[in-house]
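Understanding the architecture of this molecule
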Amino acid sequence: MTELALRHDAVNLGQGFPDSDGPAAMLEVARDAITHNFNQYPPARGLPALRQAIARDRARIGLDYDPDTEMLVTVGASEALSAAILGLVEPDQEVVLIEPYFDVYAAAIAMAGARRRTARLVSDGDGFTLDIDSLRGAITPATRMIVVNTPHNPTGAVLNRATLLAIAEIACDKDLLVLSDEVYEHLAFDGVDHISLATLPGMRERTIVVSSAGKRFSVTGWKIGWACAPRPLIDAVLAAKQFLTFAGGGPFQQAVAYALDDERDWVTHWRDELAIKRDLLSKALEEAGFGVRHGAGTFYLCADVAPLGEPDALSFCRTMPRRIGVAAVPVHVFADDPAPWKTLVRFTFCKRDATLAEAARRLKQPS
Ligand SMILES: *Cc1c(COP(=O)(O)O)cnc(C)c1O
């Protein structure tokens, strides 16, 4: 879709990376680190200063993790997710994903020689929620792990406490690990609370929480992520990570260590800005006749093309860059069973207001 966007000079609301910078003082810390000889391998577990900052960040939600043994800095959340699956899931064991899901999970499961089963999100009013029965139904004696992502890419859904408690109950009952992808933990809107699975009863001991600086501080190219979990789980993740990358991003680790403590106001402001951008895009899509679905977080919202008389989001997205001059992604590429997602399109709104305004203008033109 990015290629199509380039070819037709379309506004690219497909790929979810911001076009504005993170906090200036954080960028300065990275520049300083590079200038002052901070350019060799960081420790495999991550810079101590960053791990201590992550420990303080966890403590703010009431979780206590030992920076020396219970966390790991990774090359983006992507590496934490892949290393957790490679390190903790044996060939022929099963991992349950919730459709639609971020593509990294399925690739890592395949690399681990494991099998994937899927539960699904379903419509809930104008938003989405987990079909808990589909999660129960996906679990077999071979299940080792459930992967949960909230706030959720691609739908923007933020799972509520009741849903997370139901997931926790199943995980505890079946003695499963949970890999919790919380890269959008600070980007939940409208006063909706993001709840970390590790804070729920019985969950800290079985949950690997993954987060990242990329989305939170608008530095997706830095690829500084981390995983927090009890020591035996982190040891397994480290065993895989050691031979994936060993370590990465030394100067950026220093900058993120600074930002986790000192740029919290910036993140709150970024979150509020994103909520306004969501509203802008949402309104433009509604006015253009899309069936806009409600999302309370992330960089994304979903819109239904069925009200436009379009039967298929994929062919719609293939021609939209040429016809309308806007690019976006069909949601069913994130699902094993495309049927329930056939007419949904994912748009990102993490772009400058001028970019969103231009997209809105184009969406309003008759195509
Ligand atoms: C962007 C994203 C990631 C990857 O994070 P990186 O830190 O860039 O590796 C993981 N999970 C979800 C749901 C994402 O949207």
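From a predicted model like this one, the values you see are computed outputs, not experimental measurements. (Residues numbered from 1 in each chain as written. Predicted model: local features only at pLDDT ≥ 70, side-chain atom pairs only at ≥ 80, totals over all residues. Heavy atoms only, no water.)

For the rest of this paragraph, the subject is the domain arrangement of the protein. As far as domains go, the protein holds domain 1 (1-21 + 265-364) and domain 2 (24-262). Taken residue by residue, the interface counts 29 residues in domain 1 and 31 residues in domain 2. Both faces combined, the contact of domain 1 with domain 2 buries some 2700 Å², and carbon together with sulfur accounts for 61% of it. Where domain 1 meets domain 2, there are 2 salt bridges. Close ionic contact of Arg 278 with Asp 190 constitutes a salt bridge, the shortest N to O distance being 2.8 Å. The leading source of residues in the side of domain 1 that touches domain 2 is helix α11 (residues 264-287), at 7 residues. (Domains from an automatic or database assignment. Contact = heavy atoms within 4.5 Å. Buried area = accessible area lost by both parts, 1.4 Å probe. Salt bridge = Lys/Arg side-chain N within 4 Å of Asp/Glu carboxyl O. Helix = DSSP H or I, 4+ residues; strand = E, 2+ residues; numbered from the N terminus.)

Applying the stated criterion to the full structure yields 12 aromatic pairs. Seen from the ring of Tyr 65, Arg 204 lies directly overhead, with NZ or CZ sitting 4.3 Å from the centre. A cation sits over an aromatic face here: Lys 351 above Phe 17, 3.8 Å from the ring centre. (Phe/Tyr/Trp six-rings, centres within 6.5 Å; stacked < 30°, edge-to-face > 60°. Lys NZ or Arg CZ within 6 Å of the ring centre and 35° of its normal.)

In this section: the pattern of salt bridges. Per the counting criterion, the structure on display carries 29 salt bridges. Between Arg 51 and Asp 68 there is a salt bridge; the shortest N-O distance is 3.4 Å. Remark: Asp 68 occurs in the loop between α3 (48-59) and β2 (71-75) and Arg 51 occurs in helix α3; sequence separation between them is 17 residues. According to the relative accessible area criterion, Asp 68 is partly exposed, its value standing at 49%. Glu 287 is the partner of Lys 364 in a salt bridge, and the nearest nitrogen-oxygen pair spans 3.4 Å. Linking Lys 364 in helix α13 (residues 353-364) with Glu 287 in helix α11, this pair joins segments that are 77 residues apart in sequence. Judged by relative accessible area, Glu 287 falls into the partly exposed class, the value being 45%. Through salt bridges with shared partners, a single network forms among Arg 56, Asp 57, Arg 58, Arg 60, Glu 185, Arg 216 and Asp 261. (Buried < 20%, exposed > 50% of the residue type's maximum accessible area, 1.4 Å probe, protein only.)

Taken together, 13 residues form the shell around the ligand, and within it Ser 78, Asp 181, Tyr 184, Ser 212 and Lys 215 come nearest. Within the backbone of Ala 77, a nitrogen or oxygen atom sits 2.8 Å from an oxygen atom of the ligand. Contacts to the ligand include Lys 215, whose side-chain N or O atom sits 3.1 Å from an oxygen atom. When the ligand sits alone it has 380 Å² of accessible area, and the protein chains cover 94% of it. With 4 residues, helix α4 (residues 76-88) is the single largest residue contributor to the shell around the ligand. Looking at the shell around the ligand residue by residue, the classes come out as 5 nonpolar, 5 polar and 3 charged. (Near = heavy atom within 4 Å. Polar contact = N/O pair within 3.5 Å; in protein donor to acceptor, adjacent residues only side chain to side chain. Areas by Shrake-Rupley, 256 points an atom, 1.4 Å probe, with all protein chains shown as cover. Nonpolar A, V, L, I, M, F, W, Y, C, P; charged D, E, K, R; others polar.)

A cis amide bond links Glu 99 to the next residue, Pro 100, at an omega of -10 degrees. Residue placement: Pro 100 occurs in the loop between β3 (94-99) and α5 (103-111). Of the consecutive residues Asn 153 and Pro 154, the connecting peptide bond is found in the cis state with omega at 15 degrees. In this fold, Pro 154 is placed in the loop between β6 (143-149) and α7 (161-173). The backbone of Asp 9 shows a phi angle near 50 degrees, a positive value even though the residue is not glycine. Structurally, the position occupied by Asp 9 is in the loop between α1 (2-7) and β1 (11-12). Backbone geometry at Asp 190 places phi at a positive 60 degrees, although glycine is not the residue there.

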